[in-house]
Each structure stands twice: as structure tokens, then as C-alpha cells.
Amino acid sequence: METLVYEKLDNKRVRCGICNHFCTIDEGRRGLCNVRENQGGRLISLVHGRLIARGVDPVEKKPIFHLMPGSLAYSVATVGCNFRCSFCQNADIAQMPTDQNGLIQGVKVSPEQIVDAAIENGCASIAYTYTEPAVFIETVLETAKIAAGREIFNILVTNGYMSREVINLVAPYIDAANVDLKAFNDDFYRKYCKARIEPVKENLKLMKSLGILVEVTTLLIPGLNDDPDQLAAMAAFIANELGVETPWHVSRFHPCYRMTDRDPTPVSSLKRAVSAGKTAGLRYVYTGNVPGIEGENTLCHNCGRVLVKRMGYGVSSAITADSRCPDCNSHVYGLY
Ligand code: SF4
């Protein structure tokens, strides 16, 4: 399929407009994600409708905690990514075309079939996840339009590097997004992800302003992004630029892919992040798989009542149908 947004240049070169790399691609070559190829002066997506992964997940696994807690999300991905994170947890599929000589695998599934499968499996949403949805944005857009028409929510799980034009195109059909904020300095993004931080910050603000329910995730990597100053800066950015209601998930790193030279994140780092979040005024800070600290429950920001109790993927919610705390009537960010 022809790429949704690109520009034709001289000598059959093209400039991709899907993400902030804006790759200029010669005839016969691919962009940095390795899934968009210049074929005779036309930029073609090699992964459109070719799913490498599909399955039913709890929405909490995305993680999305403020859209229909306890519901199921039909989750889909193609191969490919526009980042090169050395700590990637899904590198076998995300970096497949790059690490395996251009290899692209996947099963042909139409957008209608994806939506049908979501409904048949009792899912409240479809999540575009596991790899980066920017690389299969044509599939996202076609599927999300159909899903929205059938009252299924759409969720992006993304590194936040799409172009503004693409975000504006998909936003009318996207209900929620979990966006990685991988660190709070450009050196980290350049060195470990082969990208830049500024577009991610701008896109977070843009998504929020377009009415998308935004949750932010940071994987804390010992010695790289867990120092107190960086955590405080990240928390302040989320609170001041996105709003104190924006949920922040801080999660634990485990050695994988090309980053095996350090230990899993110590609990002290996660505690530091929770405390930075609270100091900045964030209402919802979550840690996963770490007993004894803030955890995964949603508390009322006003009275402290447990509103959503999460044990593994078992979820019980006390939030009222109009998104309020049943005790003090305070509003709870999200859709319930
Ligand atoms: S999606 Fe991004 S990485 Fe891929 S070709 Fe387009 S601009 Fe380059």
C-alpha cells in the first residue's frame, strides 16, 4: 500500500512524512524503520495488514489504567520500529527487518477482520501495540475508523514520534494513548534510541490538546534515567505541560536485547520516581510488579479512597458511571 503521507522529490527520491525522522529515501531503498520502501518513486508500506502479533490482553497490560479498567483489548502489531532502543523488550518483532536483513513476516488480516475478532472476543478496545504503530499507521487508521463506527475504543501504545500531520489524521479515531517518555534528555534519546526527545514532548502536548486520553510510561534504567534531577524534571513536565491528572507509569527494567550490562531497577529508584511524581502534584503514579510501594491501585486524589483495585490482572472498580469517587464525588480522569 502507498504510504499515507509522503512527498515526491527529484530523481525519484521521496521524503516520508509518517514520523519525525522524515527519511529521504532513494529509489529502491527503505527508510530507517525498514518497512517503507521507495519503489519506482512511490513510497510503499511493506507491512500494511500483515500482522506479526494479535491477541487478547487486559487493557491494564498496555498499560492503560484510565479507560475501562478490567476490560479486554484486542492487540495487534506488524514488524518494524522507527526507534533502535538497545533495551527493547520486543526486539524479536520490532527490530526484525533491521536485524534480519530486511525480513518482513506477518499474516494478512484485513481491518474488518481485526474489528470482527475484537468483538467476537468481547474486547472493549483495539490496541495498536507491541511494536510502534507509526510503522503500520495505514492499518491503524483503516481499522480505527471501522472500530469507532462499531463503538470499539482505539488505543495507541507508542513512542510518540509520529509527525504532527499523522497525529492530526488519526486523532479523531483514537481514544487513548500510552506514550513512552523514555528519559528527559536528548543525549539518552540519541544514544540509546537513535531519536530525539523534543518531538516526543511536543507530541504529548498535541495528543492531549486533541482530546486523547494520554498516559505516560517511563522504563527506569539504573544509572541512565533514574537520577533525582531527571525524575523531578520528567514529573514536572508531565504535571505542568500535560496536567496533574495525567497518569504516569514507572516500570522496572530487566536486562534484555542489547542492554545486558546492568541489573534490574532497584526498588529505591521506583520509590524515587513515585516521590518525584507526588512532589510535582501528579494524581496518579503507578509502579508495576514491585510489592510494597505505590503499586497499581487507583486512589481518589482528594480523599484517598481506593477506586480501582488491581491484583495481577484482576480488577474491581468503585468509580461511578459519571467518573466520580463514590465517597467524596471528586472527578476521576478517564472513561469508565
Ligand atoms: S516511518 Fe519514520 S522511519 Fe519509517 S520511513 Fe517514514 S520517516 Fe523513516
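An unreviewed UniProt entry annotates the chain as Pyruvate-formate lyase-activating enzyme of Desulforapulum autotrophicum.

Participant: Sorry, what's going on with the overall build of the chain here?
Facilitator: The number of helices and strands found in the chain is nine helices and 18 strands. Radius of gyration (C-alpha) of the chain: 20 Å, near the 20 Å computed for a compact globule of 336 residues. When burial is assessed residue by residue, the chain has 55% of its 336 residues classed as buried. Across the chain, every contact between residues at least 6 apart in sequence was considered, and the portion connecting residues at least 24 apart equals 64%.

Participant: Mind showing me how you'd approach the UniProt feature "domain: Radical SAM core" (unreviewed entry) in the chain here?
Facilitator: Mapped onto the present numbering, the UniProt feature "domain: Radical SAM core" (unreviewed entry) falls at residues 66–283. For residues 66–283, the end-to-end C-alpha separation is 12 Å, with 40% helix and 17% strand making up the annotated structure.

Participant: Sorry, what's going on with the nonpolar core here?
Facilitator: Generally speaking, a soluble globular protein has its nonpolar side chains buried in company with each other. Counting 91 residues, the largest nonpolar core has Phe87, Ile126, Leu181, Phe188, Leu204 and Trp248 as the members making the most contacts within it. The residues that make up this core include at least three from each of domain 1 (6–45) and domain 2 (50–296). In this view, Phe87 contacts Lys182, Phe188, Tyr192, Cys193, Leu219, Ile221, Phe253, Cys256 and Met259; residues no more than four positions away in its chain are not counted. Ala127, Ile155, Tyr284 and Cys300 belong to the second-largest nonpolar core, a separate cluster that totals 19 residues.

Participant: Help me understand the pairing of strand S17 (residues 306–311), please; the structure alone is not making it clear to me.
Facilitator: The two faces of a sheet get side chains in turn, since along a regular strand they alternate between them. Of the strand pairs in this sheet, strand S16 (residues 298–299) and S17 are connected by two bridges, and their pairing is antiparallel. Its bridge partner lying in S17, Leu299 is registered against Val306. As defined by bridge partners, S17 adjoins strand S18 (residues 314–317) across four bridges and the pair is classed as antiparallel. Paired with Arg310 across the strands is Val315, a residue of S18. The antiparallel pairing of S17 with S18 creates a hairpin that spans two residues between the two strands, and Gly312 there sits at a positive phi of about 60°.

Participant: Is there a simple way to explain the environment of Tyr313 in this structure?
Facilitator: Tracing the chain through its elements places Tyr313 in the loop between S17 and S18. For the pair formed by Tyr313 and Pro58, sequence separation is 255 residues and the distance between their alpha carbons is 6.7 Å.

Participant: For this particular structure, what's the right way to read the site of the ligand?
Facilitator: Neighbouring the ligand are the residues Cys16, Ile18, Cys19, His21, Phe22, Cys23, Gly31, Leu32, Cys33, Arg36 and Asn82. Looking at the shell around the ligand, its residues break down into seven nonpolar, three polar and one charged.

Participant: So what exactly am I meant to see when it comes to the state of the cysteines here?
Facilitator: Every disulfide links exactly two cysteines, by a covalent bond between their sulfur atoms. The tally for this structure, following the rule as stated, stands at zero disulfides. Counting only cysteine sulfurs, Cys85 is the nearest neighbor of Cys88, a cysteine outside any disulfide, at a range of 6.4 Å. Judged by its relative accessible area of 16%, Cys88 is buried.

Participant: When you look at the packing of helix H7 (residues 198–209) against helix H8 (residues 228–242) in this model, what are you seeing that I'm missing?
Facilitator: The packing of two helices is summarised by the inter-axis angle and the distance between the axes. Across the interface, H7 lies against H8 with an axial gap of 10 Å and an inter-helix angle of 35°. The way H7 lies across H8 gives a crossing that is right-handed. Judged by residue contacts, Lys201, Leu204, Lys205 and Lys208 of H7 engage Phe237, Glu241 and Leu242 from H8. Tallied by class, residues from the contact of H7 with H8 come to three nonpolar, no polar and four charged.

Participant: What's the story with the packing of aromatic side chains in this structure? I'm lost.
Facilitator: Remark: the centre distance and the inter-plane angle together describe each pair of aromatic rings, the angle taken between the planes. Considering all chains together, one arrives at seven aromatic pairs under this definition. Residues Phe188 and Tyr192 carry aromatic rings whose centres are separated by 5.2 Å and whose planes lie at 50° to one another, so their mutual orientation is tilted. Residue Phe188 and its partner Tyr192 are both found in helix H6 (residues 186–193); the two are separated by four residues, about one turn of the helix. Summarising the burial analysis for this pair, Phe188 and Tyr192 share the class buried. Over the ring of Phe65 we find Arg310, and its NZ or CZ is 3.9 Å from the ring centre.

Participant: Can you walk me through the domain arrangement of the chain in this structure?
Facilitator: Reports of interface size often rely on the accessible area that becomes lost once the parts have come together. According to the domain assignment, the chain consists of domain 1 (6–45), domain 2 (50–296) and domain 3 (297–336). Each of domain 1 and domain 3 has a C-alpha centre, and the two are 46 Å apart.

Participant: I'm lost on the pattern of salt bridges in this one. Help?
Facilitator: Two side chains bearing opposite charge may form a pair once their charged atoms approach each other closely. For the structure on display, the rule yields 20 salt bridges. Of the charged contacts in the structure, one is a salt bridge between Lys205 and Glu241, with a shortest N-O distance of 3.9 Å. One end of the pair, Lys205, is in helix H7; the other, Glu241, is in helix H8, with 36 residues separating them in the sequence. For Lys205, a relative accessible area of 28% corresponds to the partly exposed category. By relative accessible area, which is 42% here, Glu241 ends up partly exposed. Ionic pairing is found between Asp226 and Arg272, a salt bridge with its closest N-O pair at 3.8 Å. Taken as a pair, Asp226 in the loop between strand S13 (213–220) and H8 and Arg272 in helix H9 (residues 267–280) lie far apart in primary sequence, 46 residues in all.

Participant: Sorry if this is basic, but what is going on with the side chain of Asn178 here?
Facilitator: Residue position: Asn178 is located in strand S12 (residues 176–180). Engagement of the side chain of Asn178 in a polar contact is seen with the backbone oxygen of Pro63, the distance being 2.5 Å. Within the structure, Asn178 has its side chain in polar contact with the side chain of Thr217 (distance 2.8 Å). Residues within four places of Asn178 in sequence aside, it is in contact with Pro63, Ile64, Leu156, Val157, Thr158, Glu215, Val216, Thr217 and His249.

What counts and what doesn't
Residues numbered from 1 in each chain as written. Predicted model: local features only at pLDDT ≥ 70, side-chain atom pairs only at ≥ 80, totals over all residues. Heavy atoms only, no water. Helix = DSSP H or I, 4+ residues; strand = E, 2+ residues; numbered from the N terminus. Rg over C-alpha atoms; globule rule 2.2 N^0.38 Å. Buried < 20%, exposed > 50% of the residue type's maximum accessible area, 1.4 Å probe, protein only. Contact = heavy atoms within 4.5 Å. UniProt positions renumbered as here; feature names shortened; annotations may be inferred. Core = buried A, V, L, I, M, F, W, Y, C linked by side-chain atoms within 4.5 Å. Domains from an automatic or database assignment. Pairing = 2+ DSSP bridges. Near = heavy atom within 4 Å. Nonpolar A, V, L, I, M, F, W, Y, C, P; charged D, E, K, R; others polar. Disulfide = S-S within 2.5 Å. Axes fitted to C-alpha atoms, helices over the stretch in contact; angles between N-to-C directions. Left-handed = near helix turned anticlockwise from the far one by under 90°. Phe/Tyr/Trp six-rings, centres within 6.5 Å; stacked < 30°, edge-to-face > 60°. Lys NZ or Arg CZ within 6 Å of the ring centre and 35° of its normal. Salt bridge = Lys/Arg side-chain N within 4 Å of Asp/Glu carboxyl O. Polar contact = N/O pair within 3.5 Å; in protein donor to acceptor, adjacent residues only side chain to side chain.

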